[in-house]
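Examining the three-dimensional arrangement
Okay, here's what each chain looks like letter by letter:
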Amino acid sequence: METGPWTLWGREYDSPLMLASGTAGFGLELMEMGMLAGVAAVVSKATTLLPRDGNVPPRIVETRYGLLNSVGLANPGVEEVLASVLPAASRLPVPLIVNVAGDTVEDYASVVERLDSSPVPVGYEINVSCPNVSAGGAAFGASPSTVEEVSRLVAAATRRPFSVKLTPNEGSMVESAAAAEEGGASAVTVCNTFLGMTVDWRTGEAPLKRGVGGYSSPALLPLTVARVHLTRRAVGIPVLASGGVGSPEDVLELLAAGATMVQVGTWLMRRPGAALELLEGVRELLDGLRGFPDGTGT
Amino acid sequence: METGPWTLWGREYDSPLMLASGTAGFGLELMEMGMLAGVAAVVSKATTLLPRDGNVPPRIVETRYGLLNSVGLANPGVEEVLASVLPAASRLPVPLIVNVAGDTVEDYASVVERLDSSPVPVGYEINVSCPNVSAGGAAFGASPSTVEEVSRLVAAATRRPFSVKLTPNEGSMVESAAAAEEGGASAVTVCNTFLGMTVDWRTGEAPLKRGVGGYSSPALLPLTVARVHLTRRAVGIPVLASGGVGSPEDVLELLAAGATMVQVGTWLMRRPGAALELLEGVRELLDGLRGFPDGTGT
Amino acid sequence: MTGSDRPAGVPGMIRDRMMSVTRRREDVPGIVRLELQAGPDFLDEASPGRFVQVEIPPGPFPLVRRPFTISRIGPSSFELLFEVRGRGTEALAATETGSSLRVLGPLGRGYALDGGRWLLIGGGMGAAGFPRLCQAADCGLAVLGASSACRLTDLSGVPCTSITEDGSSGRAGLVTDLLDGVPWEHFANIALCGPVAMMKAVMERVPPGLSGRVQVSAEARMGCGWGVCEGCSVPAAAGGYLKCCTDGPVIPAGRIDWERWEGV
Amino acid sequence: MTGSDRPAGVPGMIRDRMMSVTRRREDVPGIVRLELQAGPDFLDEASPGRFVQVEIPPGPFPLVRRPFTISRIGPSSFELLFEVRGRGTEALAATETGSSLRVLGPLGRGYALDGGRWLLIGGGMGAAGFPRLCQAADCGLAVLGASSACRLTDLSGVPCTSITEDGSSGRAGLVTDLLDGVPWEHFANIALCGPVAMMKAVMERVPPGLSGRVQVSAEARMGCGWGVCEGCSVPAAAGGYLKCCTDGPVIPAGRIDWERWEGV
Ligand SMILES: Cc1cc2nc3c(=O)[nH]c(=O)nc-3n(C[C@H](O)[C@H](O)[C@H](O)COP(=O)(O)OP(=O)(O)OC[C@H]3O[C@@H](n4cnc5c(N)ncnc54)[C@H](O)[C@@H]3O)c2cc1C
Ligand SMILES: Cc1cc2nc3c(=O)[nH]c(=O)nc-3n(C[C@H](O)[C@H](O)[C@H](O)COP(=O)(O)OP(=O)(O)OC[C@H]3O[C@@H](n4cnc5c(N)ncnc54)[C@H](O)[C@@H]3O)c2cc1C
Ligand SMILES: Cc1cc2nc3c(=O)[nH]c(=O)nc-3n(C[C@H](O)[C@H](O)[C@H](O)COP(=O)(O)O)c2cc1C
Ligand SMILES: Cc1cc2nc3c(=O)[nH]c(=O)nc-3n(C[C@H](O)[C@H](O)[C@H](O)COP(=O)(O)O)c2cc1C
Ligand code: FES
Ligand code: FES
């Protein structure tokens, strides 16, 4: 486990914390709120080839111990992102990684190619794991051969580094991670929301129109820890942890399990200033440690 | 959603609650404690062909919001179960379903064949989803064709009904459910613990010797609801829900999502008398409903 | 998503602060008024219709914050007025004077105040923001559809008439029943809030040509409250969706696609 | 797993009850004594060495119960004596007199009491059960390895000598340092508890031939506490594992595989 500075893709960061896709926009709102301190990098919301309105609301439903979302990759499309979002994002004090989604295997490479015309993104996160769309999304992530193909196409389309964001819902995440590496990915993100659902037993109806959505909760941390650990042993590229962070201990646990960097997502809905709070907590905990071991899990 | 009596395999029950495998032994302890009221059926701990000591302790580690276990199918083996456990279990006031695990595809059928010599079990639960053993376990459950093969072999070995307990950790649960039905299964159990892990960040070590274990928590209910709903739409056989129950509302939500019966596991560690408490809660909630709809989720 | 989508204002104006609860009242059971201490950095930005996101203690469940309109402001405090509806508001209702709450805000776009007299039409707790509006604008008449709404919302002398479905406070019926004699043309602005079904019914009563005067205070289930999660969608007349939290919560009625809007 | 694996007794003797906390003391900071009201149905079964599973309020996290030895009993109550170690015991320490706790028990097998004098050797909070043992048996000497252990465990007159690693209470050192002059043969029974490493060291000091007199009060991380989850394994000399909760917690030293035992 690295205790800082943390290194990803040749850059050094004095924080291991990235903001997870879909929970921080492009970082501009937090910049205006003065809350980007403690952030190593922002991962943008998903960008697709064409604009997407997203799913029919409601899109957010809370359950007793977590959050279901069904946003459905709402975004203005890559051309609008290039025209107005990325120029604004050039003012960000931290690097931006653009999260990319697609309906077909080719979409990913096309979006990345277009985004490459902007100097702003330092890299990409290839989202083959969205539980909230029928085409694409998790369907791609479930098949190692598709993951490898997407990775190859993206690697051919850009010289910038990219991470493949894997799904925990279908297929074998470990095999998909290896396939992403084989295909030329510079990292894997482990993982995304888990397929979840809530039903109103009084009516038999699901509040989310698509029925199922993506579930996130600090209670899922052990699921992410296991998947980071297993993926870490299967690939040589960095593993970016995503799922369940709500405390400084959680960040350290994911690092100890083998994560190179740690993303925080849903917790930002509770604490927009989470990055700095977590980083300060991490520093305090590390300061309290004498003879910190260099383990990476068992 | 059925509001009772609940029917499984031709029997009527005035409770939808089963005790989940590994969390109630063979029901004998609860019988002596007078806590089998409210229980429709007991699912026994896993039985294997040969005795198994189980994994090296610790086997239970609590995390902030859930429980990790790594029991590893500790059991005295089918011969001992036949010789001393099932005769004692013949005194149970409720039906017993024996959970069966194996190292090979053939093991399952062999164990079931042996168990068939006892009049006690009313059916079996075929566990192709244990996250705590290397051979067998989840590896079988991940492949629909293996699930179908195991189901065929078991169907050929017994005329008693059996449920196939699926894994949420690898492969496609929905495809595996369809494969189980195709192979002759009389139900599917959805699902088992999720692969989870905790690491002590101070030492880099995992308290569980195998590193990963099976994670359970009431916070996982939405994951089970989604999987029950998706499986329900894919198969015609009953779906037995297992995962996340900690309140009467949880039971009703799983029924509304399409479960035929609902298992309670980890919650028994907190409340050994959970079945009656939950059943009374369910009855109260149902009494409070006028014009209860007959939905099965969206 | 770009800066222009958000309310104008200086960077840093949205802050996350621990605030002291200086007063708690529950005149009507289940409807709670909390007074929170705040400085000019907050109060100067607390224009009518804006809201705050309150973290529910002690945490971490419920996980996300709960949105509440700024009900009125004082020289060094502001008020929230809310109804206990579920576990979040239940926990919040247990807040004691002297304790602290974590409050993010002020958030969102409030009412566009460009002079002229206001007609206020509100259902349920939607009217919680009207006192603040009347502090800043010329409010002529309030028509409210909630039990004891006029008393609760404390509109400092603005004529107020209310109705409830069960007649528990005066007349029985729907808000729309009170609208028959309303001199719509006398009002340059109409503030509308409440359940979506009720607002749709009101919109049908607004005389042709005057619907451009209606500003709707919308509600939606929120994740963040500051524009990034895309959770709080309200269908837009122009197609696609508006974000309740940053395009609203106060939205000109004409920008909403009323057909597609189902409410929270 | 079959009936014979469990302690003898009438069906239904293990009950899950809400119990009133009638007294709370914290003489030494971080070490809490709770007195709980109980009737004869509980107390008659509360033999030395047995334990209870306490649900941690308000729930549901921590999820599983916490095991505590029955420290001593009175005519209509019993005591728990515990150290605050983590979030479960922390929450429990906040219990106030007059509140209620959900308690499952009595559980497990206690000490085999077949006459003769006892030598008590304990490290840490393991000694919490010794007062109950001394209520029922002839205890001759207690050798404890914890700060202020003798005072805390209140052995009603039994000679007690203690030592701590840092010397904070009298002598500095390990429990084993106190064993040099012990007249082992004078004791028909030896009760041993504490951290596994300490117990291993003590076992090496027990004179050859006398280890059959040692009864170990074991600890393990528990799920259920009533024999079904297979979570509380203690390696057995005969191979495989014993269940701390139903084969123990008091286990004859000879039944344990000390080599394989690593403790909690
Ligand atoms: C901008 C805005 C301002 C608001 N101002 C006020 C106010 O001043 N006073 C007041 O009493 N209420 C106000 N509300 C509604 C208030 O936020 C909800 O009543 C509250 O979030 C319910 O939380 P809960 O945990 O008690 O209920 P839950 O148990 O979460 O749900 C109970 C019911 O409340 C509804 N609900 C849940 N979450 C929200 C949400 N985020 N927004 C709207 N409805 C929701 C659901 O439809 C559900 O049926 C406002 C909502 C918004 C969006
Ligand atoms: C049969 C039995 C009787 C016990 N009697 C007493 C007693 O009378 N007084 C007393 O102070 N303590 C007793 N203990 C130990 C007590 O159960 C633990 O200290 C307590 O469970 C810790 O809970 P926690 O939530 O505070 O700690 P956690 O935060 O869960 O863990 C803190 C530390 O306690 C240890 N621990 C956690 N769970 C258990 C467990 N179930 N069993 C043992 N150790 C654990 C872990 O190794 C961990 O390092 C007994 C344990 C057993 C098995
Ligand atoms: C409201 C919301 C929207 C999200 N949108 C995206 C997205 O557009 N692309 C993506 O790859 N992940 C998306 N995610 C997943 C998160 O990036 C993150 O991987 C997941 O929520 C788990 O991390 P957490 O527990 O920290 O939230 C979204 C999550 C939430 C809660
Ligand atoms: C301690 C423990 C032991 C378990 N042993 C088994 C087992 O032997 N066979 C099996 O199929 N499932 C086993 N399970 C899984 C449960 O039967 C159940 O499917 C799972 O815990 C999810 O349900 P819950 O949330 O109600 O606990 C075990 C679970 C726990 C917690
Ligand atoms: S609540 Fe997140 S975008 Fe509006
Ligand atoms: S704690 Fe469950 S078997 Fe002992």
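Starting from 1, residues in each chain are numbered consecutively following that chain's sequence as written. Written order determines the labels here, with chains lettered from A and ligands numbered from 1. Whole-chain, interface and lining totals are the exception, using all residues; otherwise, since this is a predicted model, local features are given only for residues with pLDDT of at least 70 and side-chain atom pairs are given and counted only at 80 or more. Excluding hydrogens and water, the side-chain figures rest on all heavy atoms present in the structure.

Looking at the environment of E83 of chain D
All names here are of chain D. In DSSP terms, a helix is any run of H or I states spanning at least four residues, a strand is any run of E spanning at least two, and both are numbered starting from the N terminus. Here E83 is to be found in strand β6 (residues 77-83). In this structure, the C-alpha to C-alpha distance between E83 and D177, residues 94 residues apart in sequence, is 24 Å. Note on definitions: a residue-residue contact is assigned when non-hydrogen atoms from the two residues lie within 4.5 Å. Residue contacts for E83: discarding those within four places in its chain leaves G30, I31, T89 and M125.

Quick word on the nonpolar core
Residues belong to one nonpolar core when they are buried, are Ala, Val, Leu, Ile, Met, Phe, Trp, Tyr or Cys, and are joined through side-chain atoms within 4.5 Å. Note on exposure labels: buried denotes an accessible area under 20% of the residue type's maximum, exposed denotes more than 50%, and partly exposed covers the range between, all computed with a 1.4 Å probe on protein chains only. Grouped together as the largest cluster of nonpolar side chains are 313 residues, with contacts concentrated most on I126 of chain A together with I126 of chain B. Beyond its immediate sequence surroundings of up to four residues, I126 of chain B is in contact with V100, Y108, V112, V150, V154, F162, S163, V164 and K165 of chain B.

Description of the interface of chain A and chain B
Frequently, the measure chosen for interface size is the accessible area removed from exposure when the parts meet. Contacts between the two partners involve 48 residues from chain A and, on the opposite side, 47 residues from chain B. Computed with a 1.4 Å rolling probe, the buried area is the accessible surface lost when two parts are put together, summed over both parts. Note on chain A versus chain B: buried area summed over both sides is about 3,800 Å², and carbon and sulfur give 65% of it. Each reported salt bridge corresponds to a side-chain nitrogen of Lys or Arg within 4 Å of a carboxyl oxygen of Asp or Glu. In this assembly, chain A and chain B are joined by two salt bridges. A salt bridge links R64 of chain A to D250 of chain B; the shortest N-O distance between them is 3.0 Å. Polar contacts, as counted here, are pairs of nitrogen or oxygen atoms within 3.5 Å of one another; within protein the pair requires one atom able to donate a hydrogen and one able to accept it, and residues that are adjacent in sequence qualify only if both atoms are side-chain atoms. Our count for the chain A to chain B interface comes out at 17 residue pairs in polar contact (both at pLDDT 80 or more). Those elements that provide at least two residues to the side of chain A that touches chain B are β11 (194-197), β12 (212-216), α7 (221-234) and α8 (248-256) of chain A. In terms of residue count, the dominant contributor to the side of chain A that touches chain B is α7 of chain A (seven residues). For this scheme, ten residues count as nonpolar: Ala, Val, Leu, Ile, Met, Phe, Trp, Tyr, Cys and Pro. Four count as charged, namely Asp, Glu, Lys and Arg, and the remainder, Gly too, count as polar. Considered class by class, the residues forming the side of chain A that touches chain B number 26 nonpolar, 14 polar and eight charged.

What to know about the domain arrangement of chain C
All names here are of chain C. Each assigned domain of chain C is listed here: domain 1 (16-107) and domain 2 (117-263). Each domain span listed reflects an automatic or database assignment of domains. Relative to domain 2, the C-alpha centre of domain 1 lies at a distance of 21 Å. With 23 residues of domain 1 in contact, the opposing surface of domain 2 contributes 23 residues. Both faces combined, the contact of domain 1 with domain 2 buries some 1,900 Å², and carbon together with sulfur accounts for 60% of it. Taken as a group, P48, R72 and L81 account for 27% of the area that domain 1 buries against domain 2, more than any other trio of residues on that side.

With respect to the site of ligand 4
Residues and elements named next belong to chain B. Looking at ligand 4, there are 20 residues lining it, with S21, K165, S242, G244 and T266 nearest. N99 places a polar side-chain atom, nitrogen or oxygen, 2.9 Å from an oxygen atom of ligand 4. Between ligand 4 and S242, the relevant distance is 2.7 Å, taken from an oxygen atom to a side-chain nitrogen or oxygen of the residue. Areas reported as accessible are Shrake-Rupley estimates using a 1.4 Å probe. Residue values count occlusion only from the protein chains shown. For ligand 4, whose free accessible area comes to 610 Å², the fraction covered by protein is 95%. Residues belonging to the shell around ligand 4 are distributed by class as follows: five nonpolar, 14 polar and one charged. A cutoff of 4 Å decides nearness: a residue is near a molecule or strand if any of its heavy atoms lies inside that distance of it.

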